[in-house]
Each structure stands twice: as structure tokens, then as C-alpha cells.
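What the coordinates show
Read off the chains here:
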Amino acid sequence: MMLLLTADTAAPLPEDLVEDIQKGVIQQQLESLIPKFWSFLWCAVLAIVVFFIGTRIIKAIIKIFHKAMSLKDVDPGVETFLESVLRWIMYIILITIILGLFGVTTTSISAAVAGLGVTIGLALQGALSNFAGGILILLMHPFKVGDYIIEHATGQEGTVSRINIIYTTLKMVDGRLVQIPNGTLSAASLTNCTAQEYRLFNETVGISYDSDIKRAKEILQDIAEKTEHRLELAPIQTFVADLSDSSVKIGLRFAVATSQYWPVKWETLEEIKRRFDEADIEICFNQLDVNLKQL
């Protein structure tokens, strides 16, 4: 005959025995966690060491890269762009190595990247467009570091200070730094003011119809001939540019070194005003003559 024990008939365990069982289970769990803790701590310390050594190696490689570029006399814009790409690639490799220390395999990383590829692509459409724009800038060479450009989409202008992966930095005349996306620069029209070694001073001044045109042209010719930084690449031209409503437009053109364009322009305009005043040649401004008739 078998004796069946039910929950109603079974005797409860002593409280001391229950506490001992619970303490034993907790102790076993803690003992099982200790090796994992030490393993994680070791991986963390090793990751810090690898990161420290890796960053030093990356800096050393960047220095070697710059020395190699200087020996090859590479354009500074190309050098800056390639440096940014190289730095990003090396840091991605370093992060992959550090994740591998924690048991994250390359296959897992690749799968995660593939899974997030569409999301990242949608989120970074602008960044990818700017990256592609940077590559186009380096391939087509519409400008380089040191050039003075005018970007017509936003009206920004300045000297190119740096060409990065995503942005190009312009230094304004007043010292401000403006970052323009490479995608904008590669897609919009722009003017490179310093692409050539010289620029044409090309200005017109309006004089009154009563003034002596021949004398005005002689003065402009003399001013141009005495300009210090004028180049002999193109002849001096003085001409009547337009017969407008209130004035006769007299034009002056001559070649000047690009680096001296703005000082020459300012000095020449001031000299034109001074010489015209001495010769009693009236420089016109917009005016309206009103004639009253008596009925």
C-alpha cells in the first residue's frame, strides 16, 4: 500500500532550513558572477590600454601622412580631406577591436551595420551628399585652400581656410569663420576671385554732360600708368561705357596683381575723385530736373 502526501498533509520545512537554502542559492549566484565580473573588469582595463595605445598609433600615422603629403607637394585641401577620411577609418577599426575584446564578433558588427544601414542612410542623406560634394570638389578643383571665392547660393564669400569631409570653412574679411556644406558648394555656382595671377580693374565713373570727356579720359589714363602694381599683361583701356540719363559713363580697365587688387582699387577710386575735383570735372549722382510752366 502506497502513502500519498498532499500539500495539506506535508509538514512545513523549518525556518532555519529555508534560510540556509536561500543563503546557499544567493552564495552560488554570487560565486558564479565573480568570474564574470573579473572577466569584464579585465576586458575594460585591456580596452582602456588598447584605446590609449591605438590613439597614439593613429596620431603617429597622421604625422607620417602629413610628412608624405608635404614631400609630394599635395594641395592642402586634398591633404585635409584625405586626413579626415583616414582618421575616421582608423578610429572605426580601433572601435571594432575594442568591441571584440568584449566578445562582440566582427560578424555581429557587420550584421548590426547592415541592419541599420537603411536607417543611417536616411538619417544622413545630407551628410552623404556633402561627402560626395567634397569628393567632387577635390576631383574638379573649382577652388583650393587660400583661394577667395564667392558662393552665389547664399552670398557668402571669403578665403578658403579648410576643406573637410562635410564642410568647407571660409575666413571672412572681418575674421569670421563660416562653414558651408560641400554639397552646396558642389551644386551651386561660385566665383573664384583668385584663380588667376591677375585681375582686371574694371570700373566706370559718371561725369556730367558738360564736362570734358577727352580730359577725363586723359586723367584716367595717367592714373592707370602711375599705378604701382599694374601689370603689362593687358593694355590700359579708357572708354565711354554708356550715355545714361544723367551722366556719361567713362570706363577704365587695366591688369593688376590679384594679391594687390583691393588696395589698388581703393587707392585708384580715391585718386580719380581727387583728380576730377582738381580738373573741375563733375562726378554726377542721380538727379531730376523739374521745369515749371506758367499757363
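Since we're looking at a predicted model, the values are computed, not measured. (Residues numbered from 1 in each chain as written. Predicted model: local features only at pLDDT ≥ 70, side-chain atom pairs only at ≥ 80, totals over all residues. Heavy atoms only, no water.)

1. Digging into the layout of surface pockets
Cut-off, in case you're wondering: Throughout, the protein atoms alone are placed on a 1 Å grid, and a set of points is a cavity if a 1.4 Å probe fits but cannot get out or a pocket if it is open with protein on both sides within 12 Å along at least five of seven lines; lining residues have an atom within 4 Å of a point. Grid points are joined across faces, edges and corners, and a volume is the space filled by probe spheres set on the points. Only DSSP runs of H or I reaching four residues or more are called helices, and only runs of E reaching two or more are called strands; each is numbered from the N terminus. Gly is placed with the polar residues, together with every amino acid not listed as nonpolar (Ala, Val, Leu, Ile, Met, Phe, Trp, Tyr, Cys and Pro) or charged (Asp, Glu, Lys and Arg).
When its volume is computed, the second largest pocket comes out at roughly 170 Å³. As for the second largest pocket, its lining consists of Asp222, Ile223, Lys226, Thr227, Glu228, His229, Val264, Glu267, Thr268, Glu271 and Arg275. Secondary-structure elements contributing two or more residues to the lining of the second largest pocket are α6 (213-225) and α7 (261-278). Ranked by the residues each element gives to the lining of the second largest pocket, the list is headed by α7, at five residues. Looking at side-chain class alone, the lining of the second largest pocket contains two nonpolar, three polar and six charged residues.

2. A word on the sheet that holds strand β5 (residues 190-192)
Across a sheet, paired strands are connected by hydrogen bonds in the backbone, their directions being either parallel or antiparallel. The cut-off we apply is this: By this definition, two strands are paired if DSSP reports at least two bridges between them. Under this scheme, a helix contributes an axis fitted over its contacting stretch, all axes are lines through C-alpha atoms, and angles between N-to-C directions fall in the 0 to 180 degree range.
The strand order across the open sheet formed by five strands is β4-β3-β2-β1-β5, and the pairing between neighbours is antiparallel. The open sheet has two edge strands, β4 (177-181) and β5, and neither has a second partner. Adjacent strand axes in the sheet meet at a mean angle of 40 degrees, parallel and antiparallel pairs treated alike. One ladder, built from three bridges, connects strand β1 (residues 148-151) with β5; its direction is antiparallel. Note that in β5 the partner of Ile150 across the bridge is Thr191.

3. Regarding the packing of α6 against α7
Selection criterion: Oblique is the label for any angle not covered by the other classes, which are roughly parallel (under 35 degrees), roughly antiparallel (over 145) and roughly perpendicular (65 to 115). Handedness of a crossing is defined here by the sense of rotation of the near helix relative to the far one, left-handed for an anticlockwise turn of less than a right angle and right-handed for a clockwise turn. The contact criterion used is simple: two residues touch if any of their non-hydrogen atoms lie within 4.5 Å.
In contact at an axis separation of 10 Å, α6 and α7 are set at 140 degrees when each is read in the N-to-C sense. When the interaxial angle is binned, α6 and α7 end up oblique. At the point where α6 passes α7, the crossing takes the right-handed sense. Across the interface between the two elements, Ala216, Ile219, Leu220, Asp222 and Ile223 from α6 touch Thr268, Glu271, Ile272, Arg275 and Phe276 from α7. When its residues are assigned to classes, the contact of α6 with α7 shows six nonpolar, one polar and three charged.

4. So, the environment of Arg230
Keep this limit in mind: In protein, a polar contact means a hydrogen-donor-capable atom and an acceptor-capable atom, both N or O and within 3.5 Å, with residues adjacent in sequence counting only if both atoms are side-chain atoms; elsewhere, any N or O pair within 3.5 Å suffices.
Checked against the element boundaries, Arg230 lands in strand β7 (residues 230-231). In this structure the C-alpha to C-alpha distance between Arg230 and Phe201, which are 29 residues apart in sequence, comes to 9.3 Å. Among all residues touching Arg230, those that are not within four sequence positions of it are Ala224, Glu225, Ile236, Phe254 and Ala255. Side chain to side chain, Arg230 and Glu232 meet in a polar contact 3.3 Å long.

5. Points about the pattern of salt bridges
The line we're drawing: Salt bridges, as used here, are contacts in which a Lys or Arg side-chain nitrogen is within 4 Å of a carboxyl oxygen on Asp or Glu. Note on classification: 1.4 Å probe, protein chains only; a residue is buried when its accessible area is under 20% of the maximum for its type, exposed when over 50%, partly exposed between these limits.
Following the criterion strictly, the structure yields 11 salt bridges and no others. When the shortest N-O distance is used, the salt bridge between Asp222 and Arg275 registers 3.1 Å. In this pair, Asp222 sits in helix α6 while Arg275 sits in helix α7, placing the two residues 53 residues apart along the sequence. You can call Arg275 buried: its relative accessible area is 17%. By sharing partners, the salt bridges in this structure join Asp222, Lys226 and Arg275 into a single network.

6. What about the packing of aromatic side chains?
Here is the rule we go by: Two rings from Phe, Tyr or Trp (for Trp, the six-membered ring) form a pair when their centres are within 6.5 Å of each other. A pair whose planes differ by under 30 degrees is stacked, one over 60 is edge-to-face, and the rest are tilted.
Evaluation of the coordinates by the stated rule reveals three aromatic pairs. Taken together, a centroid distance of 4.9 Å and an interplanar angle of 25 degrees make the contact between Phe201 and Phe254 stacked. In this pair, Phe201 is assigned in strand β6 (residues 198-207) and Phe254 in strand β9 (residues 248-257), connecting sequence segments 53 residues apart. On the basis of relative accessible area, Phe201 is assigned to the buried category, the value being 1%. With a relative accessible area of 0%, Phe254 lands in the buried category. Between Tyr261 and Trp262, the aromatic rings sit 5.3 Å apart at their centres with planes inclined by 80 degrees, giving edge-to-face as the arrangement. Judged by its relative accessible area of 6%, Tyr261 falls in the buried class. Take Trp262: its relative accessible area is 37%, and that puts it in the partly exposed class.

7. Describing α6
Here is the rule we go by: Multiply 1.5 Å by the residue count of a helix minus one, and that product is the helix's expected span.
In a regular helix each residue adds 1.5 Å, so 13 residues correspond to 18 Å; α6 covers 18 Å between its end C-alpha atoms and thus fits that length. Restricting attention to buried positions, one finds in α6 the residues Ala216, Ile219, Leu220, Asp222, Ile223 and Ala224. Its buried side turned inward, α6 meets β6, β7, β8 (237-243), β9 and α7. Residue Asp212 occupies the N-cap position of α6, its side-chain oxygen lying 3.1 Å from the main-chain nitrogen of Lys214.

8. Let's talk about the nonpolar core
For clarity, the cut-off: Nine residue types can take part in a nonpolar core, namely buried Ala, Val, Leu, Ile, Met, Phe, Trp, Tyr and Cys, and a core is a set of them joined through side-chain atoms within 4.5 Å.
Ile207, Leu252, Phe254 and Phe276 are the most contacted members of the largest nonpolar core, which totals 19 residues. Secondary-structure elements contributing two or more residues to this core are β6, α6, β9 and α7. For Ile207, the residues in contact, after removing those within four places along its chain, are Ile213, Ala216, Ser247, Val248, Ile250, Phe276, Ile281, Glu282, Ile283 and Cys284. Residues Leu138, Phe143, Met172 and Ile180 belong to the second largest nonpolar core, which totals 13 residues.

9. Structural notes on the environment of Glu197
Among the secondary structure elements, Glu197 is positioned in the loop between β5 and β6. Assessed through its relative accessible area of 74%, Glu197 is described here as exposed. Sequence-distant contacts of Glu197, that is, excluding residues within four places in its chain, are made with Ala257 and Thr258.

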